[in-house]
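The residues making up each chain are set out below.
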Amino acid sequence: METTSVKPQFSEAAKAEIERICKQYPTERRKSALLPVLHIAQAEFGGWVSPEVQDLVAEVIGIKPIEVYEVSSFYTMFNLKPVGKHVLEICRTGPCMLRGSDELTAHLERITGAKVNGATSPDGLFTLKEVECLAACGFAPIVQVREKYYEQLDTPAAVDAMLTDLRNQVHRPALPWEETGLPNALANN
Amino acid sequence: MAKITFDGIEVEVPDGTTILNAARQIGGSIVPPAMCYYTPLKGSGGKCRACLVRVAAGSTKDPRPMPKLVASCVTPVQDGMVVENTTSEQVLDVRKGIVEMLLINHPLDCPVCDQAGECDLQNFAFEHGVSTTRYQEERRTFEKIDIGPLIQLHMTRCILCYRCVYTADQIAKGDRVHGVLGRGDAAEIGTYIENIIDNDFSGNVIDVCPVGALTDKTFRFKQRVWFTKPVNAHRDCPKCAGNVTLWYKGQDVLRVTGRKDQYGEVKEWICNECRFDKKETADWTIEGPAHIDRSSVISANHYELPVLNQSVIADLPESTQRDLEKNPPLKLG
Amino acid sequence: MGRKLLTEHINVEGIDTFEVYRKHGGYRSVEKALKTMTPDEVVEEVKKSGLRGRGGAGFPTGMKWSFLAKPEGVPRYLVCNADESEPGTFKDRQLMSKLPHLLVEGMITSSYALGANTSYIYIRGELLYVLRILEKAIAEAYAAGFLGKNILGSGYDLDLFVHPGGGAYICGEETALLESLEGKRGNPRNKPPFPAVQGLYARPTVVNNVESIAAVPVIVNDGGEEYAKIGVGRSTGTKLFSACGHLNKPGIYEIELGLPVEEFIYSDEYCGGIWKGRDLKAVVAGGSSVPILPKELILKTAAGEPRLMSYESLSDGGFVTGTMLGSGGFIAMDETTCIVRNTWSFSRFYHHESCGQCSPCREGTGWLEKVLHRLEHGHGHMEDIDLLVSVAKQIEGNTICPLGEAAAWPVAAAVRHFRDEFEWHVTHAKEAAKPGAVYQGKSVLV
Ligand SMILES: Cc1cc2nc3c(=O)[nH]c(=O)nc-3n(C[C@H](O)[C@H](O)[C@H](O)COP(=O)(O)O)c2cc1C
Ligand code: SF4
Ligand code: SF4
Ligand code: SF4
Ligand code: FES
Ligand code: FES
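Draft legend 1. Local environment of the overall build of chain A. Looking only at helices and strands, one finds seven helices and four strands in chain A. Referenced to the eigenvectors of the C-alpha coordinate spread, the extents of chain A come out at roughly 50 × 35 × 30 Å. Sequence-distant contacts, at least 24 apart, represent 61% of the contacts inside chain A between residues at least 6 apart. Summed over all atoms, the accessible surface of chain A reaches about 7,500 Å², with 56% contributed by carbon and sulfur. Averaging the locations of the 19 positively and 25 negatively charged side chains of chain A gives two centres separated by 2 Å.

Encoded structure:
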């Protein structure tokens, strides 16, 4: 386990991906790469971006740390505090509410022991986070976990299937530029 | 050049001038209030909506009215434009609404606020607001924090005008360490981790702040500003032009600020040494009394918001109430 | 069944690959445009088609394109708005994940028309998996010579990139989107200047919705006039509707504009009626921002005409008895739906999503949410109902960007059409606060 005093480092694969991304924008506009790089950082460092990780992001892009903080705190996908192994992002907006998202949230709290927008489950596996419309309203209710959408979670069986799927993941799924996924606990500190 | 009619008065201004600045050329009571725009700060304006006006005719070429009120501080004039401010019921009405919005989450603790007496929000509410509030919900609060040893941030009073951010951007030339974090009504001015603003010119954020959110921690004796006497002075300063206003109580310099014009805008930034370290008359060459025109509150000695009525007082934070008991508000004027 | 111009092949096995897509006529518009048409001729066809922006505002696309400033030597950009976050709307996600090459083809043809040599697709961050699908499609298009230098030997160069957001509805607003693409907070810009003059990196930029861009290949292939023959009046062509809520068959439907709303809801070809054999109570027809209409007014206009799925018919009656087509997010609510609760949920959304730059929206959205929360939870007063209308009015029209209106309209409309239900929440506060409690009375119309 890493401690906060050790400066985090991107993996070689991530570094290569960051350079590929930076080339998508005019040279003097590297700051444009901030959001994609924050996504990479969050995937690399255990599902959240600590101040140290954000400083690293600032360094690789070549901007001031405050420019990263301003952005990471504006966009809801970036977790600024440590999270469990899997962050379950539950859509709570109108169309999902019409199809039972409130019940789904209560059910997930009950069976995982986590608190929505609060404490991670006692086993450290699940963090529950309420989010707004995920653009999948016709398949409500929805939970997003990293890049995957779990749809139509309107029966206990569907929810169980999702949780089993997640429990069976030792590593997070590999991203396209990686050989294998990183163990989620790697950078949690 | 473009000729426009503002509240029935014609004025000719260079192309590209904003409606607000055209109105300022006319001057007087027709000038729209501005809470976020600040002439020296590139990019400022458009946010508080205090300066909304009605464009009754867009231009000579296209004389149709604009469908919505526009922010006069960021909307450029067009030749033949006809603008209504104090002559439009709609504008005055909407402005009341803006006052109300800016106050619903405001602590209303003027009696214990350093800014009272020279606060743009206080003036704005006094001149344009109504004397009741319909807001019954809980108010947003933040802890006050020190941004370094010299500046204090009372986020609860902040109206998110972004002036201090633009100031830091411009004076710190890319070394800005503070900014707006979070979003919506949870947004706050912050430095995230314990970064302090240790730039020679950081103190200017105090001058640009329209409210008592950023204050001078070295302001001695915490005097009500209307008990202090502003005097213009200068010194030979290696870092800045050294043109300042000294605020006196008797023989003591209580604080030093940049020189503000009638719209509360400083024309020259001053350095932290002039602001925080030079508090003796001997440090300065005195020019004479400074004139404060527009700050009606300073001149009229009001320091309670008109909204400080019974229903609201119940809402005052406990600390404020305690302070109030210790220091009952003075009834002046 | 109506014609499907965009989604005809959506269920073809392997249609997400270049090869299969090409076999089904893909990329013909690129060949036609680059080899036989000038950029201006492409713009002309889009103008003739009458295509209106599918992102919500319904602004004519061809006209928007012709406003693009073209100063010598300054690059210009086409940016596709794939931020899709308006509650009730999920068409772009489907279109992009199933037919990625349709969007890529549309981007190439449209970029050519606008003279852009670099274009971006800004996709909401939650859809990273769709970003991967698009990047794969783009790589295939490069490999086939449809992207990159000297496309099809025409001398035209284009690079196309996909850029993810980070979770912010406001980044669907075009200037917030551009700020976000520049790596900043998604704060909408003051206008003027408009993006057509100073957009991305302060250069001339066109921002278009995914579905608008996806319609361009059809328009170029068949000609603008052919496209304009479909639909009714100034609502030309086909439109994707995202149907959700209490329907038997929620999903994406491509319809010819002009289809009766009643047929859309009840026909088995489309939504198949209301679930669980229940009655329809209300519909939000164009995404959460547009005014809600009770059953009677969504099926028929105030004049008793059948309401059609078209820009004009949906807005018939203005905001008194009508609504808007918006983004085509069609949310149906059955008789057990609590309107106050639903309105509170929408308000919570706008409160959560306000960027916080301008005071009426930053403060007003929170105020609306809190009052609605009180009403829904049994702590409301009669005055609160008029207060909601008044606060909504104080926001509307006075903000930097239209999120202010988007937050105000749903509240104003809910009170307009369901006032008695709001009043019931005050008079029967205890009962109303119980989970699942629903007002059983009849709502007063108009
Ligand atoms: C708050 C807000 C959110 C918006 N969200 C989207 C969106 O998710 N997708 C979209 O295409 N347009 C959205 N729009 C509209 C865009 O600003 C813009 O009008 C549109 O992308 C233009 O494309 P079109 O002309 O092809 O419709 C939004 C507007 C506002 C004010
Ligand atoms: S003086 Fe100004 S900032 Fe201070 S409490 Fe009063 S209104 Fe707020
Ligand atoms: S702290 Fe003051 S200057 Fe800075 S944004 Fe808040 S009100 Fe404006
Ligand atoms: S209306 Fe709301 S979202 Fe739009 S700029 Fe203002 S605060 Fe931001
Ligand atoms: S409301 Fe949940 S996905 Fe749209
Ligand atoms: S001064 Fe114009 S909007 Fe604030």
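Draft legend 2. How the structure looks around the overall build of chain B. A count of helices and strands for chain B gives nine helices and 14 strands. Intrachain contacts of chain B at a sequence separation of at least 6 include 67% that bridge at least 24 residues. If you sum the accessible surface of chain B, you get close to 14,500 Å²; carbon and sulfur atoms cover 49% of it.

Draft legend 3. Main features of unusual backbone geometry. That bond from A:Ala140 to A:Pro141 is cis: its omega, -10 degrees, falls within 30 degrees of zero. The linkage connecting C:Lys191 with the following residue, C:Pro192, adopts the cis geometry, with an omega of -5 degrees. As for its position among the elements, C:Pro192 is in the loop between α8 (174-181) and β4 (205-209). In this structure, C:Lys276 takes a positive phi of about 55 degrees despite not being glycine. C:Lys276 gets classed as exposed once you look at its relative accessible area, which sits at 57%.

Draft legend 4. View of the interface of chain A and chain B. In this assembly, 13 residues from chain A lie in contact with 15 residues from chain B. Carbon and sulfur atoms make up 57% of the surface buried where chain A meets chain B, a total of about 1,100 Å² over both sides. Sorting the residues of chain A by area buried against chain B places A:Ile66, A:Tyr69 and A:Glu70 first, and these three jointly supply 46% of that buried surface. Connecting chain A to chain B are zero salt bridges. On inspection of chain A and its partner chain B, the count reaches three residue pairs in polar contact (both at pLDDT 80 or more). Of all the secondary structure elements, the ones that give two or more residues to the side of chain A that touches chain B are α3 (51-61) and α4 (65-72) of chain A. In terms of residue count, α4(A) provides more of the side of chain A that touches chain B than any other element does, four residues in total.

Draft legend 5. Here's a closer look at the interface of chain C and chain A. Taken residue by residue, the interface counts 60 residues in chain C and 43 residues in chain A. Here chain C packs against chain A, burying approximately 4,200 Å² in sum over the two surfaces, 57% of which is carbon and sulfur. Here A:Glu151 makes a salt bridge to C:Arg93, at a shortest N to O gap of 2.6 Å. Put simply, chain C and chain A have 24 residue pairs in polar contact (both at pLDDT 80 or more) between them. Breaking the side of chain C that touches chain A down by element, the ones donating at least two residues are α5 (91-98), β2 (118-123), α7 (128-143), β3 (159-164), α8, β7 (238-245), β11 (329-334) and α15 (339-353) of chain C. The element that contributes the greatest number of residues to the side of chain C that touches chain A is α15(C), accounting for eight residues. Taken together, the residues that form the side of chain C that touches chain A break down as 27 nonpolar, 19 polar and 14 charged.

Draft legend 6. Spatial organisation of the site of ligand 2. What surrounds ligand 2 is a group of ten residues, the closest being B:His106, B:Cys110, B:Cys113, B:Cys119 and B:Gly212. Of the residues belonging to the shell around ligand 2, the class tally is six nonpolar, two polar and two charged.

Draft legend 7. Region of the structure containing the site of ligand 1. Residue and element names in this part refer to chain C. The immediate surroundings of ligand 1 are formed by 18 residues, with Gly55, Asn81, Asn208, Asn209 and Ser212 found nearest. Side-chain polar atom of Asn208 to an oxygen atom of ligand 1: 2.8 Å apart, as the coordinates give it. Burial of ligand 1 by the surrounding chains reaches 90%, relative to a free accessible area of 610 Å². A per-element tally of the shell around ligand 1 places β4 first, with three residues. Partitioned by chemical class, the residues of the shell around ligand 1 number four nonpolar, eight polar and six charged.

Draft legend 8. View of the sheet that holds strand β3 (residues 143-145) of chain A. Residues and elements named next belong to chain A. Strand order in the open sheet formed by four strands is β2-β1-β3-β4, with mixed pairing between adjacent strands. Strands at the two margins of the open sheet, each flanked by one partner only, are β2 (126-131) and β4 (148-150). Each strand axis lies, on average, 25 degrees off the axis of its neighbour in the sheet, ignoring direction. Judged from the two bridges that link them, strand β1 (residues 86-91) and β3 form a sheet pairing that is antiparallel. Note on β3: the bridge partner recorded for Ile90 is Val143.

Draft legend 9. Region of interest: the pattern of salt bridges. All names here are of chain C. Under the definition given, this model contains 58 salt bridges over all chains. In this structure, Glu211 engages Lys91 in a salt bridge whose closest nitrogen and oxygen atoms are separated by 2.9 Å. Placement of the pair is Glu211 in helix α9 (residues 210-222) and Lys91 in helix α5, with a sequence separation of 120 residues. Of the two residues, Glu211 and Lys91, neither departs from the other in class, the shared state being buried.

Draft legend 10. Helix α2 (residues 89-104) of chain B, seen in detail. The end-to-end C-alpha distance of α2(B), which contains 16 residues, comes to 23 Å, matching closely the 22 Å that a straight helix rising 1.5 Å per residue would cover. Within α2(B), the full set of buried residues consists of B:Val91, B:Val94, B:Arg95, B:Gly97, B:Ile98, B:Val99, B:Glu100, B:Met101, B:Leu102, B:Leu103 and B:Ile104. For α2(B), the secondary structure elements touched by its buried residues are β3 (52-57), β5 (82-84) and α3 (120-128) of chain B together with α16 (359-376) and α17 (382-395) of chain C.

Draft legend 11. Fine view of the domain arrangement of chain A. Taken as a whole, chain A is organised into domain 1 (12-72) and domain 2 (86-167). Look at where the C-alpha atoms of domain 1 of chain A and domain 2 of chain A centre, and you get two points 28 Å apart.

Draft legend 12. The state of the cysteines, seen in detail. Residue and element names in this part refer to chain C. Tallied over the full model, the rule gives zero disulfides over all chains. Here Cys338 stays free of any disulfide, with the sulfur of Cys244 as its closest cysteine sulfur at 18 Å. Taking the relative accessible area as the measure of exposure, Cys338 reaches 9% and is therefore buried.

Draft legend 13. Expanded view of the packing of α5(C) against α7(C). Residue and element names in this part refer to chain C. Between α5 and α7, the shortest axis-to-axis distance is 8 Å and the interhelical angle comes to 40 degrees. In this structure, α5 meets α7 at a crossing whose hand is left-handed. For the pair α5 and α7, contact is made by Arg93, Met96 and Ser97 and by Tyr129, Val130, Ile133 and Leu134, respectively. When the residues that make up the contact of α5 with α7 are grouped by side-chain class, the tally is five nonpolar, one polar and one charged.

Draft legend 14. Representation of the side chain of C:Lys281. Residue and element names in this part refer to chain C. Structurally, Lys281 can be placed in strand β9 (residues 280-284). In terms of polar contacts, Lys281 uses its side chain to reach the backbone carbonyl oxygen of Thr337, at 2.8 Å. With residues up to four places along the chain from it excluded, the contact list for Lys281 reads Pro294, Lys295, Met333, Asp334, Glu335, Thr337, Ile339, Phe418, Glu421, Val438 and Tyr439.

Draft legend 15. Structural view of the packing of aromatic side chains. A complete count under the given rule lists 25 aromatic pairs over all chains for this structure. Pairing A:Phe139 with C:Phe90 gives two aromatic rings, centres 5.7 Å apart and planes at 70 degrees, and the pair type is edge-to-face. Placement of the pair is A:Phe139 in the loop between β2 and β3 and C:Phe90 in the loop between β1 (77-82) and α5, with the two residues belonging to separate chains. We classify C:Phe90 as buried; its relative accessible area is 0%. When the ring of C:Trp424 is compared with that of C:Tyr439, the centres are 5.7 Å apart and the planes differ by 45 degrees; the resulting orientation is tilted.

Draft legend 16. Structural view of the pairing of strand β13 (residues 252-258) of chain B. Residues and elements named next belong to chain B. Counting buried positions over the seven residues of β13 gives six, a clear majority of the element. Both strand β12 (residues 243-249) and β13 contribute to a ladder of six bridges, which runs antiparallel. Bridge pairing in β13 places Tyr248 opposite Val253. Taken together, β12 and the strand that follows it, β13, pair antiparallel across an intervening segment of two residues, in which Gly250 is found at a positive phi of about 60 degrees.

Draft legend 17. Layout of the packing of α17(C) against helix α18 (residues 403-427) of chain C. Residue and element names in this part refer to chain C. Remark: α17 packs on α18, axes separated minimally by 9 Å, with the N-to-C direction vectors making an angle of 170 degrees. Classified by the angle their axes make, α17 and α18 are roughly antiparallel. Contact residues: α17 offers Met382, Ile385, Asp386, Leu388, Val389, Ala392 and Ile395, while α18 offers Gly404, Ala408, Val411, Val415, Arg419, Phe422, Glu423, Val426 and Thr427. Class assignment for the residues of the contact of α17 with α18 results in eleven nonpolar, two polar and three charged.

Draft legend 18. Quick peek at the sheet that holds β4(C). All names here are of chain C. Taken together, four strands build an open sheet; the order of strands is β3-β2-β1-β4 and the sheet is parallel. Every interior strand has two partners, whereas the edge strands, β3 and β4, have only one. Taken pair by pair, the neighbouring strands of this sheet meet at an average axis angle of 20 degrees, ignoring direction. Pairing of β1 with β2 involves six bridges; the strand directions are parallel. For Asn81, the partnering residue across the bridge sits in β2 and is Tyr122. Its contacts with the sheet place α7 against β2 and β3, and it is angled at close to 170 degrees to β3.

Criteria and cut-off values
Residues numbered from 1 in each chain as written. Chains lettered and ligands numbered in written order. Predicted model: local features only at pLDDT ≥ 70, side-chain atom pairs only at ≥ 80, totals over all residues. Heavy atoms only, no water. Helix = DSSP H or I, 4+ residues; strand = E, 2+ residues; numbered from the N terminus. Contact = heavy atoms within 4.5 Å. Areas by Shrake-Rupley, 256 points an atom, 1.4 Å probe, with all protein chains shown as cover. Lys, Arg positive; Asp, Glu negative; His and termini not counted. Charge placed at Lys NZ, Arg CZ, Asp CG, Glu CD. Buried < 20%, exposed > 50% of the residue type's maximum accessible area, 1.4 Å probe, protein only. Buried area = accessible area lost by both parts, 1.4 Å probe. Salt bridge = Lys/Arg side-chain N within 4 Å of Asp/Glu carboxyl O. Polar contact = N/O pair within 3.5 Å; in protein donor to acceptor, adjacent residues only side chain to side chain. Nonpolar A, V, L, I, M, F, W, Y, C, P; charged D, E, K, R; others polar. Near = heavy atom within 4 Å. Pairing = 2+ DSSP bridges. Axes fitted to C-alpha atoms, helices over the stretch in contact; angles between N-to-C directions. Expected span 1.5 Å × (residues − 1). Domains from an automatic or database assignment. Disulfide = S-S within 2.5 Å. Left-handed = near helix turned anticlockwise from the far one by under 90°. Phe/Tyr/Trp six-rings, centres within 6.5 Å; stacked < 30°, edge-to-face > 60°. Parallel < 35°, antiparallel > 145°, perpendicular 65-115°, else oblique.

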